[in-house]
Amino acid sequence: MVAKLHSRYVSVMDGFTVVGVAHNGADALRAAERLRPDLVLLDIYLPDMDGIDVLRALRAAEEQDTSRPSTDALFITAARDAGVIRAALRAGALHYLIKPFSRSALQEQLRHVAALRTRLDELGEARQEDVDQIFGTRPPGSRELPKGLAAPTADLVERTLRARPEGLSASECAEAGELSRVSARRYLEHFAGTGRAEVTLRYGGTGRPERRYRWIG
């Protein structure tokens, strides 16, 4: 029942498709070999082996077959022991959600995984700022703004983005924040460039794509 529930949470999200469900570790490994998923959702507690051993086996298979695409892993489990969480991290998990959690919490993590994969695909040579954003290791106070951008305006644009989880354009942000469109666009592009906002293109009646921004940081 839990697997069906989580599958439903995933399947209703744009850009995600559930390609398989397994109820034990052995079946999960066979399914991963056959289906080559981009992401697996793993529990720690499985009937035949724990989820960390499943992830280690996936990583070992990827090392043996270099043509095999890498599979990301997100743990969704009731296991709260710090040692288990540390082991999951060392095995290569992207994140770890402790049950019970809400539908929105899982979907937010899935959006984060999608944004991370997109960001890595788009990166050629990474800057330290890119690496800090990807690994989530940026220390407090280190998010300095580029020259010409002001903290109060950045905070205003951030609040505007957060208030519109469905996303907005530079024109809509400018109107909501009482800014010029050029100014709003500069801050939005800064947030997109630092991994705190996601950019999508929407085509309207003019045929020209409109850039839309959604807060993910």
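From a predicted model like this one, the values you see are computed outputs, not experimental measurements.

Criteria and thresholds
- Residues numbered from 1 in each chain as written.
- Predicted model: local features only at pLDDT ≥ 70, side-chain atom pairs only at ≥ 80, totals over all residues.
- Heavy atoms only, no water.
- UniProt positions renumbered as here; feature names shortened; annotations may be inferred.
- Helix = DSSP H or I, 4+ residues; strand = E, 2+ residues; numbered from the N terminus.
- Buried < 20%, exposed > 50% of the residue type's maximum accessible area, 1.4 Å probe, protein only.
- Contact = heavy atoms within 4.5 Å.
- Polar contact = N/O pair within 3.5 Å; in protein donor to acceptor, adjacent residues only side chain to side chain.
- Pairing = 2+ DSSP bridges.
- Axes fitted to C-alpha atoms, helices over the stretch in contact; angles between N-to-C directions.
- Phe/Tyr/Trp six-rings, centres within 6.5 Å; stacked < 30°, edge-to-face > 60°.
- Salt bridge = Lys/Arg side-chain N within 4 Å of Asp/Glu carboxyl O.
- Core = buried A, V, L, I, M, F, W, Y, C linked by side-chain atoms within 4.5 Å.

Overview of the UniProt feature "modified residue: 4-aspartylphosphate" (unreviewed entry) in the protein chain
On the UniProt side, "modified residue: 4-aspartylphosphate" (unreviewed entry) is annotated at positions that read Asp 43 here. Looking at the secondary structure, you find Asp 43 in the loop between strand S1 (39-42) and helix H3 (51-64). What makes Asp 43 buried here is its relative accessible area of 19%. Leaving out residues up to four positions away in the same chain, Asp 43 has contacts with Gly 51, Phe 75, Ile 76, Thr 77, Ala 78 and Lys 99. A polar contact is formed between the side chain of Asp 43 and the side chain of Thr 77, at a distance of 2.8 Å.

Let's talk about the sheet that holds S1
Overall, parallel pairing links the 3 strands, which are arranged S1-S2-S3 in an open sheet. Two strands bound the open sheet, and with one partner strand each, they are S1 and strand S3 (95-98). Across this sheet, the average inter-strand angle for adjacent strands is 20 degrees, counted without regard to direction. Looking at chain direction, strand S2 (residues 72-77) and S3 are connected through 4 bridges and run parallel. Paired with Phe 75 across the strands is Tyr 96, a residue of S3. Taken strand by strand, H3 contacts S1 and S2, and its axis lies near 175 degrees from that of S2.

Some remarks on the packing of aromatic side chains
Counted under the stated rule, the structure contains 2 aromatic pairs. With a centroid separation of 6.0 Å and an interplanar angle of 35 degrees, the aromatic rings of Phe 75 and Tyr 96 are classed as tilted. Placement of the pair is Phe 75 in strand S2 and Tyr 96 in strand S3, with a sequence separation of 21 residues. Pair check on accessibility: Phe 75 and Tyr 96 agree, each one buried. For the ring pair Phe 191 and Trp 215, a centre distance of 5.0 Å and an interplane angle of 85 degrees mean the geometry is edge-to-face. Of this pair, Phe 191 sits in helix H9 (residues 181-193) while Trp 215 sits in strand S6 (residues 209-215), placing them 24 residues apart in sequence. Assessed through its relative accessible area of 1%, Phe 191 is described here as buried.

Here's the deal with the pattern of salt bridges
Under the counting rule described, the total for this entry stands at 18 salt bridges. Among the ionic pairs, Arg 30 bridges to Asp 27, the shortest N-O distance being 2.4 Å. Here Asp 27 and Arg 30 lie together in helix H2 (residues 25-35), a separation of 3 residues that amounts to about one turn. A salt bridge links Arg 185 to Glu 189; its shortest N-O distance comes to 3.4 Å. Taken as a pair, Arg 185 and Glu 189 lie in helix H9 at a separation of 4 residues, close to a single helical turn. Look at Arg 185 and you get partly exposed, because its relative accessible area is 28%.

A short note on the nonpolar core
In terms of nonpolar packing, the biggest core is built from 17 residues, with Leu 42, Ile 52, Leu 55 and Phe 75 touching the most fellow members. Where this core is concerned, the elements lending two or more residues are H2, S1, H3, S2 and helix H4 (82-91). Tallying contributions element by element places H3 first for this core, with 4 residues. Sequence-distant contacts of Ile 52, that is, excluding residues within four places in its chain, are made with Ile 44, Phe 75, Val 84, Ala 87, Ala 88 and Ala 91. With 15 residues, the next largest nonpolar core counts Ala 184, Leu 188, Tyr 213 and Trp 215 among its residues.

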